[in-house]
Amino acid sequence: GVLRSEFLGALLQASRDGLVITDSDSTVVEASDSFCSFLGRGRSGVIGMNLRAWFADSSSDEGQSWVDLEQSVRSVAGRGECELKVATPAGVRRLRVTALAVDQAAGRKMGGLVCVFRDETKRKLEKRALRLTQFAVDTATECILRVRSDGRLLYVNEATCRTLGYSADELLSLRFPD
């Protein structure tokens, strides 16, 4: 009833993730403000939008990923995940989608999906930056090491191994004063 409707409304407004409910044809029947923001559209431009067609229009690979997700959720597991790369007004976003089959919502027969769209763009960029930093530290020509407060070595780069004439495993078994 009313309490369930108020709860759903509060959840849709409060979530940082994009939340979407679709019907059996992949048409959006409810969406969170965050999802609308991901797409750079107002609510009126999202409700009634067909996600299957929208993903297919944006990229054949993304369209196929969405179709595969729908089929998996509806036919096998009742739940599925995929990652989609989506062009938005803010640039290309990487969205991790978790979908659940839903038979009915708000008293209506649905046969659709409840989906959570999590924007992974920032995490992916940070992960890439971390890998680049790790590569720079690993291959630096200067000795770089990390020491715990008790003197045990936590990390040594290749230059440290070459300079001291030990393997990384040998150095990591030592304490700094050794």
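Anything mentioned here points back to the structure above.
Let us look at the structure shown here.

**Things to note about the pairing of strand β2 (residues 28-31)**
- As paired elements, strand β1 (residues 18-22) and β2 share three bridges and run antiparallel to each other. Bridged to Ile 21 within β2 is Glu 30.

**Some thoughts on a nonpolar patch on the surface**
- The grouping of Leu 145, Val 147 and Phe 176 at the surface amounts to a nonpolar patch, some 250 Å² of accessible area in total.
- Turning to its location among the elements, Phe 176 is positioned in the segment after α8 (168-172).
- Judged by its relative accessible area of 52%, Phe 176 is exposed.

**Quick word on the state of the cysteines**
- Applying the stated rule across the entire model yields zero disulfides.
- Its sulfur unpaired, Cys 161 is 9.0 Å from the next cysteine sulfur, which belongs to Cys 143.

**A look at the packing of aromatic side chains**
- Enumeration over the complete set of coordinates arrives at five aromatic pairs.
- Note on Phe 55 and Phe 117: the rings are 6.4 Å apart at their centroids and 20° apart in plane angle, and the pair reads as stacked. A residue pair is termed long-range when its members are at least 10 positions apart, and Phe 55 in helix α4 (residues 51-58) and Phe 117 in strand β5 (residues 108-119) qualify at 62 residues.
- You can call Phe 117 buried: its relative accessible area is 0%.

The rules behind the values
Residues numbered from 1 in each chain as written. Predicted model: local features only at pLDDT ≥ 70, side-chain atom pairs only at ≥ 80, totals over all residues. Heavy atoms only, no water. Pairing = 2+ DSSP bridges. Helix = DSSP H or I, 4+ residues; strand = E, 2+ residues; numbered from the N terminus. Patch = residues over 30% accessible without salt bridge, like charges linked within 9 Å, V, L, I, M, F, W, Y side chains within 5 Å. Areas by Shrake-Rupley, 256 points an atom, 1.4 Å probe, with all protein chains shown as cover. Salt bridge = Lys/Arg side-chain N within 4 Å of Asp/Glu carboxyl O. Buried < 20%, exposed > 50% of the residue type's maximum accessible area, 1.4 Å probe, protein only. Disulfide = S-S within 2.5 Å. Phe/Tyr/Trp six-rings, centres within 6.5 Å; stacked < 30°, edge-to-face > 60°.

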